[in-house]
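# Topology and contacts: notes
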Number of protein chains: 2
Amino acid sequence: MSKIPYRFYLDEKDMPETWYNVRADMKVKCAPLINPATMKPVEKKDLTSVFCDELVDQELDETNRYIEIPEQVREFYKIYRPSPLIRAYNLERALGTPAKIYYKFEGNNTSGSHKLNSAAAQAYYAKKEGMTSLTTETGAGQWGTALAMACAYFGIDLTVYMVKSSFEQKPYRKAVMNTFGADIIPSPSDTTEVGRAILKNHPGTSGSLGCAISEAVEKAVSTKNCRYVLGSVLNQVLLHQSVIGLESKMAMEKLDEYPDIVIGCAGGGSNLGGLMSAFMQDRLLGKTHPYFIAVEPASCPSLTRGKFAYDFCDTGHITPLAKMYTLGSDFIPSPNHAGGLRYHGMSPVLSQLYHDGYIDKAVAVKQTDVFKAATFFAKYETILPAPESSHAIYAAIEEAKKCKESGEAKTILFGLTGTGYFDMAAYISYQEGTMNDYIPTDEDLQRSFDMLPKVDA
Amino acid sequence: MSKIPYRFYLDEKDMPETWYNVRADMKVKCAPLINPATMKPVEKKDLTSVFCDELVDQELDETNRYIEIPEQVREFYKIYRPSPLIRAYNLERALGTPAKIYYKFEGNNTSGSHKLNSAAAQAYYAKKEGMTSLTTETGAGQWGTALAMACAYFGIDLTVYMVKSSFEQKPYRKAVMNTFGADIIPSPSDTTEVGRAILKNHPGTSGSLGCAISEAVEKAVSTKNCRYVLGSVLNQVLLHQSVIGLESKMAMEKLDEYPDIVIGCAGGGSNLGGLMSAFMQDRLLGKTHPYFIAVEPASCPSLTRGKFAYDFCDTGHITPLAKMYTLGSDFIPSPNHAGGLRYHGMSPVLSQLYHDGYIDKAVAVKQTDVFKAATFFAKYETILPAPESSHAIYAAIEEAKKCKESGEAKTILFGLTGTGYFDMAAYISYQEGTMNDYIPTDEDLQRSFDMLPKVDA
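Below is a summary of the structure that appears in this document.

## Re the pattern of salt bridges
All names here are of chain A. One pass over the full model with this rule turns up 44 salt bridges over all chains. Where K361 meets E399, a salt bridge forms, and the shortest distance between an N and an O atom there is 3.5 Å. Pair noted here: K361 is in strand β16 (residues 361-365) and E399 is in helix α16 (residues 387-406), with a separation of 38 residues, a long-range link. Note that K402 is salt-bridged to E399, the shortest N-O span being 3.0 Å. With a gap of three residues between them, K402 and E399 both fall in helix α16, about one helical turn apart. Exposure remark for K402: the relative accessible area of 41% places this residue in the partly exposed category. For E399, a relative accessible area of 8% translates into the label buried.

Structure, rendered in C-alpha cells:
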C-alpha cells in the first residue's frame with residue numbers, strides 16, 4: 001500500500017446516501033421525552049407546532065437504522081463534503097509518538113464547523129413543508145452561521161437568538177450571519193415573554209443557551225409558518241451528524257485503518273454523536289470497536305459532574321423534559337469561558353450510551369490547557385482550531401503521549417469540528433495570560449441540582 | 001464522462017514537482033532591476049544581503065523553465081494542497097448563465113489565502129541557508145499570517161511590519177500571527193530610520209505597503225543572520241505561485257476542460273501571475289490559450305491608470321528600481337479601502353505581459369461593487385470570500401452575464417484567493433451603507449507620477 005496522504009478525500013460519489021440512526025441498534029433505548037404539561041411521554045402532535053413534521057418523525061424514530069439523505073441535502077453537502085480525513089504526521093513527529101493520529105476536519109466551510117451538516121437538513125425540510133421562516137439560538141455562533149448559510153441557500157428567513165455574552169464578544173460572527181441575510185437578536189431580549197422574565201429576574205445576565213432556546217421556541221410557535229430548529233442535543237441532529245462518522249469509517253477502510261480510540265469534544269453532543277456513530281454501531285453489534293472518549297470543558301462538566309436525570313432543555317421551562325446528564329437548566333456557565341460547549345445538558349443518546357458504559361470515558365479539561373493544546377496543534381498542523389475542537393486535541397495529545405510511554409502504535413481518531421477564526425479574543429486572553437480557569441464548585445452545582453424537576457419515570 | 005463534481009481534488013501524488021518559470025518562455029524579457037546606488041542593472045551580489053541566496057537565483061533566472069520544488073516544501077504543501085478546483089454550479093444557476101464557471105480555491109488553509117505557497121518556499125530556503133530570523137511586511141495580513149505559519153513550521157523567528165491602518169482595523173489578524181509566534185510591529189514605526197523619517201514627514205499617516213517594505217528591509221540588513229522576504233510583486237513569488245496554475249491546468253485536463261477566460265485579482269500580481277502561468281505558457285508557445293483578465297481596485301489602479309516605468313518598490317527608496325506599471329512609490333491608497341491590493345506597483349512580469357498584449361484586459365472595480373458581488377457569491381457558493389478575491393468574482397459574474405446575453409457556454413476560470421473571516425469590519429461597512437468608493441483623481445496620480453525617478457534604460 002502506498003503511503004497514506006496527509007489529506008484523504010473520499011470521492012463525491014462515495015458520499016453516504018443515508019444517515020445512520022444509532023438508536024435503532026441500542027439495546028437500552030433513551031427514556032422518552034416528557035410533555036411538561038401532562039407529564040406523559042410526548043407524542044408527535046406535541047412537537048409539530050415547534051418542529052417540522054419530518055424532523056419530529058426523525059426525533060422519535062427508534063427503529064429505522066438508515067434514513068435517506070434527501071437529494072437536495074446531498075447536493076448541498078457536495079458544496080463542502082466529503083470533508084477531509086487528515087493524518088497528523090507533523091503532530092505525531094512533534095510529539096515523538098508511535099501513535100497514528102487522524103482527524104476528521106469539519107472546518108472547511110464558511111460556517112467553520114460541522115454544524116452545517118444538520119443546518120442543511122433542517123432548512124431543507126422547513127422549505128419542503130412550506131415554512132417561510134425559522135428561529136434558532138446560537139452560543140459561540142457556529143450554529144447560527146451554519147443555519148444562516150443553509151437558509152440563504154434554500155430561500156427561507158431566519159431569526160437567531162444569540163447568547164448575549166457571545167453577541168458582545170463576537171460582533172464579526174453577527175456580521176457573517178448578516179451577510180447571509182439572517183436577523184440576530186442578543187438573548188435574553190425583550191422580544192419574548194420568557195426573555196423579559198429572565199431579564200427581570202436576572203438583570204445583567206450574560207445569557208445562556210438554555211435561555212436563548214426558550215426565546216427562539218416562543219418566537220417560533222407565535223409566528224405563522226415558522227418553526228424552531230436546534231443545532232445540537234436532539235436525536236435528529238445526531239442523526240444528521242452521523243455523516244461525519246460514516247465518512248470517517250469509509251475513509252479509514254479505504255486506507256486499511258480502523259481506530260483504536262475515538263475522541264470527540266462534547267457540549268450538546270452533536271459532534272461526538274456524529275463522529276462515533278458508525279463505530280458505535282460496531283460496538284452495539286458486538287464487533288471489534290474503538291475506545292470512546294468524550295471531552296468536555298471543566299467549566300460546564302455535564303457528563304463528569306452532572307446528574308443523569310430528567311430535566312428541561314431550556315431555562316424558561318417551555319420545552320419537553322429529556323433524561324440526560326445535566327447540570328440543571330438553571331446552570332449558567334461562566335461568561336469567561338471561551339467558545340461553545342456551554343449547554344447545561346447532554347444529548348439523551350450520548351447520555352444513555354455513557355450511562356450504559358458504551359462511551360468508555362469522559363474527561364473535563366481546563367480552558368488554559370485547551371488553548372495550550374490548540375496553540376501547539378496550530379504550529380505543527382497549521383490549522384487554527386476552534387476552542388471547542390481543541391478539547392479533543394488536548395485528549396488526543398494525552399493519548400498519544402501515553403503511546404509514547406508504552407510504545408504502543410495505537411490509531412487515534414478525533415473530530416476537529418471547526419476553526420477558530422472568530423475566537424481570537426479568547427486566543428488573545430490566553431496569550432496575554434488573562435484567561436480564567438473557572439470551575440463551578442460543588443455548591444454551585446448542588447444549587448442547580450436542587451432545582452431539577454421531580455419526574456416519576 | 002461522469003458529471004463533474006462540485007469540488008475536484010487532484011491526488012496528492014499528482015502535485016507538481018516543479019514550479020514553472022514563465023520568464024523562460026517570454027520573448028520580451030522584463031527590464032532588469034536597477035541598483036539605485038549605481039543606476040546599473042543589479043547583480044546577484046547586490047541582492048544577497050537582503051534576500052536568501054537561492055531566492056536571488058530564482059529572482060534573476062530568466063532561462064530555466066522548470067525549477068524543482070524542494071522535497072521539504074512539497075511536504076509542507078501536502079498539508080493543504082492540492083487545493084480544490086470548484087465548479088460553481090450554484091452560482092451558474094443563480095445567474096441563469098450557460099457559462100461553466102470554475103474557481104481555484106486557495107482559502108482552505110489557516111492563512112486564508114494563496115500566500116502560503118510562497119511563504120513555505122521562502123521560509124524553507126532561509127532555514128536551509130542558516131538564517132535565524134526573517135522580516136517582512138503585511139498589508140491586509142494574509143501574507144504575514146502565511147509567513148508566520150511557515151516560520152513556525154520550519155523553526156525560524158519572524159518580525160512583521162504591518163501597515164498601520166490594517167493593524168488597527170484587524171487586531172485579530174495580529175492575534176493569529178502571534179499564535180504562530182511572530183512579532184508584529186505597526187508601520188510606520190520608530191524601530192527603523194526610514195520609519196522615523198516617514199512619521200516625521202507624514203504624521204498621522206495610516207501607512208502603506210511601500211513604507212512597511214522599507215522598514216522590513218532596513219531591519220533585515222541590520223540584523224545578523226536575518227533576511228527580508230516579500231509576499232508579492234517579485235519574480236520568485238510568481239514562480240512559487242505557479243503551483244496554482246499548474247494544478248488548475250492539470251485538474252481541468254482531468255475533467256476534459258480548458259478555460260476560455262482566466263480571471264484573477266491583481267494587487268502586486270502574485271495570484272494572477274500564479275494562476276495564469278501554465279495557461280500563459282500555451283499562449284507564449286503559440287497554442288490555444290484563454291483570454292486573460294486582470295481585476296484591480298479602482299482605488300489603487302496600477303494597470304489601468306499607472307505608468308509603465310522604472311520605480312522604486314518601496315516608499316523609502318532603499319530597494320532596487322523595477323520597470324512596472326506603477327502609481328508612483330509615493331502613492332498611498334485610501335485607508336478606507338477594504339482588504340489588500342493596496343500596492344503602488346505591479347509585478348514586473350505581469351506588467352511586461354500586459355504591456356505586450358499577452359494579458360488581454362485589465363479592469364478596475366469600485367469596492368461597493370466588489371462587496372455586492374462577494375455577498376451574492378457567498379449566498380450561492382456558501383464561501384465567504386476575501387475582498388481581494390471578490391474583485392475576480394465581480395469580473396467572473398460580468399463575463400457570465402455576457403454569456404447569458406450571447407448564449408455562449410464559455411468556460412470561465414477564476415482565482416478565489418482567500419476567505420474574508422478577518423474582513424468583517426469591511427463587510428459591516430458595506431452592509432451599513434457607509435463604505436466609500438474612493439477613487440484617486442487624475443491630479444492625485446499626476447502628483448505621484450511627478451516624483452517618479454528618471455532612469456535612462
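## Details of the interface of chain B and chain A
Each side of the interface is counted separately: chain B has 41 residues, and chain A has 41 residues. The largest contributions to the chain B side of the interface with chain A come from B:Y172, B:T382 and B:Y421, which together make up 18% of the buried area. In this assembly, chain B and chain A are joined by zero salt bridges. Scanning the region where chain B abuts chain A turns up 16 residue pairs in polar contact (both at pLDDT 80 or more). The set of elements that each furnish at least two residues to the side of chain B that touches chain A consists of α3 (71-80), α6 (142-154), α8 (171-179), α15 (367-381) and α17 (424-431) of chain B.

## Here's the deal with the sheet that holds strand β11 (residues 226-228) of chain A
Residue and element names in this part refer to chain A. The strand order across the open sheet built from four strands is β10-β9-β8-β11, with neighbouring strands paired in parallel fashion. A strand with exactly one partner marks an edge of an open sheet, and here the two such strands are β10 (183-187) and β11. Here the average twist between neighbouring strands, direction ignored, is 20 degrees. As paired strands, strand β9 (residues 157-163) and β10 are joined by five bridges and run parallel to one another. Within β10, the position partnered with Y161 by the bridge is I185.

## Details of the packing of aromatic side chains
All names here are of chain B. Under the criterion given, the structure shown has 43 aromatic pairs over all chains. Considering the side-chain rings of F51 and Y228, the 5.8 Å spacing of their centres and the 45 degrees angle between planes classify their relative orientation as tilted. Note that F51 is positioned in the loop between α1 (44-47) and α2 (53-60) and Y228 in strand β11 (residues 226-228), a separation of 177 residues in sequence. We note that F51, like Y228, is buried.

## A word on the nonpolar core
Core analysis: the biggest nonpolar cluster contains 240 residues, and A:W19, A:I263, A:F414, B:W19, B:I263 and B:F414 have the highest contact counts within it. Not counting residues within four places of it along the chain, the set of residues in contact with B:F414 comprises B:I101, B:Y102, B:Y103, B:K104, B:I263, B:L275, B:F377, B:A392, B:I393 and B:A396.

## Here's the deal with the state of the cysteines
All names here are of chain A. Overall, the coordinates contain zero disulfides over all chains when judged by the stated rule. Sulfur of C151: no disulfide; nearest cysteine sulfur belongs to C226 and is 9.9 Å away. You can call C151 buried: its relative accessible area is 2%. Here C313 stays unpaired: no disulfide links it, and the sulfur of C30, its closest cysteine neighbor, is 12 Å away.

## Details of the relation of the copies chain B and chain A
It takes a turn of 180 degrees to lay chain B on chain A, together with a shift of 0.0 Å along the axis; the resulting RMSD is 0.0 Å. Taken together, the rotation angle and the small translation identify this as a two-fold axis. When you check the interface residues of chain B against chain A, 100% turn up at the interface there too, and the contact is symmetric in its surfaces.

## Here's the deal with the packing of helix α3 (residues 71-80) of chain A against helix α5 (residues 116-128) of chain A
Residue and element names in this part refer to chain A. Two elements in contact, α3 and α5, have axes separated by 9 Å at closest approach and are oriented at 150 degrees. Taken together, α3 and α5 sit at an angle that is classed as roughly antiparallel. As α3 packs across α5, the resulting crossing turns out to be right-handed. On the side of α3, the interface is formed by Q72, V73, F76, Y77 and Y80, while α5 contributes L116, N117, A120, A121 and Y124. For the contact of α3 with α5, the residue count by class is eight nonpolar, two polar and no charged.

## Digging into unusual backbone geometry
Residue and element names in this part refer to chain A. Residue P82 is reached from R81 by a cis peptide bond, and omega for that bond is -10 degrees. As for its position among the elements, P82 is in the loop between α3 and β6 (85-87). Cis geometry marks the peptide bond from S187 to P188; its omega dihedral reads 5 degrees. Considering the arrangement of structural elements, one finds P188 in the loop between β10 and α9 (193-201). Residues other than glycine seldom take positive phi values, yet N225 does so here, at roughly 50 degrees. Mapping N225 onto the fold places it in the loop between α10 (209-221) and β11. For N225, a relative accessible area of 34% translates into the label partly exposed.

## Remarks on the sheet that holds strand β13 (residues 291-297) of chain B
Two orientations exist for strands paired in a sheet by backbone hydrogen bonds: parallel and antiparallel. Residue and element names in this part refer to chain B. Sheet architecture is open: seven strands sit in the order β1-β6-β7-β17-β12-β13-β16, paired in mixed fashion. At either end of the open sheet lies a strand with only one pairing partner, and these are β1 (7-8) and β16 (361-365). Note that β13 and β16 share five bridges and pair parallel. Along β16, the bridge assignment pairs V295 with V363. Set on the sheet, helix α11 (residues 235-254) makes contact with β1, β6 (85-87), β7 (100-105) and β17 (411-416); between it and β7 the angle comes to about 140 degrees.

Conventions adopted
- Along each chain, residues carry numbers from 1 onward, in the same order as the chain's sequence is written.
- The order in which chains are written sets their letters, starting at A; the order in which ligands are written sets their numbers, starting at 1.
- Reporting in this predicted model follows two pLDDT cut-offs: at least 70 for local features of residues, and 80 or more for side-chain atom pairs to be given and counted; totals over whole chains, interfaces and linings ignore these cut-offs and use all residues.
- Excluding hydrogens and water, the side-chain figures rest on all heavy atoms present in the structure.
- Salt bridge, as used here: a side-chain nitrogen of Lys or Arg that lies within 4 Å of a carboxyl oxygen of Asp or Glu.
- The secondary structure listing takes helices from DSSP runs of H or I that are at least 4 residues long and strands from runs of E that are at least 2 residues long, numbered from the N terminus.
- The rule is simple: take the accessible area with a 1.4 Å probe, protein chains only, and divide by the maximum for that residue type; under 20% is buried, over 50% is exposed, in between is partly exposed.
- In this description, contact between two residues means that some pair of their heavy atoms is separated by no more than 4.5 Å.
- A quick way to say it: buried area is the sum, across both parts, of accessible area lost when two parts are put together, with a 1.4 Å probe.
- Pairing of N or O atoms within 3.5 Å defines a polar contact, subject to two protein rules: one partner must be a possible hydrogen donor and the other a possible acceptor, and residues neighboring in sequence count only if both atoms are side-chain atoms.
- Any two strands between which DSSP finds at least two bridges are classified as paired.
- Simply put, an axis is a line fit to the C-alpha atoms, just over the touching stretch for a helix, and the angle between two N-to-C directions goes from 0 to 180 degrees.
- Here is the rule: rings of Phe, Tyr and Trp (six-membered ring for Trp) pair when centre to centre is within 6.5 Å. Planes less than 30 degrees apart are stacked, more than 60 are edge-to-face, and the remainder are tilted.
- Residue types Ala, Val, Leu, Ile, Met, Phe, Trp, Tyr and Cys, when buried and joined through side-chain atoms within 4.5 Å, form a set referred to as a nonpolar core.
- We call a pair of cysteine sulfur atoms a disulfide when they lie within 2.5 Å.
- The copies were overlaid with a least-squares fit restricted to C-alpha atoms from residues scoring a pLDDT of at least 70 in each copy.
- Every angle not falling under 35 degrees, over 145, or within 65 to 115 is termed oblique; those three ranges are roughly parallel, roughly antiparallel and roughly perpendicular.
- By convention, the crossing between two helices is left-handed when the near helix turns anticlockwise from the far helix through less than a right angle, and right-handed when the turn is clockwise.
- Charged means Asp, Glu, Lys or Arg here, nonpolar means Ala, Val, Leu, Ile, Met, Phe, Trp, Tyr, Cys or Pro, and polar covers whatever is left, Gly included.

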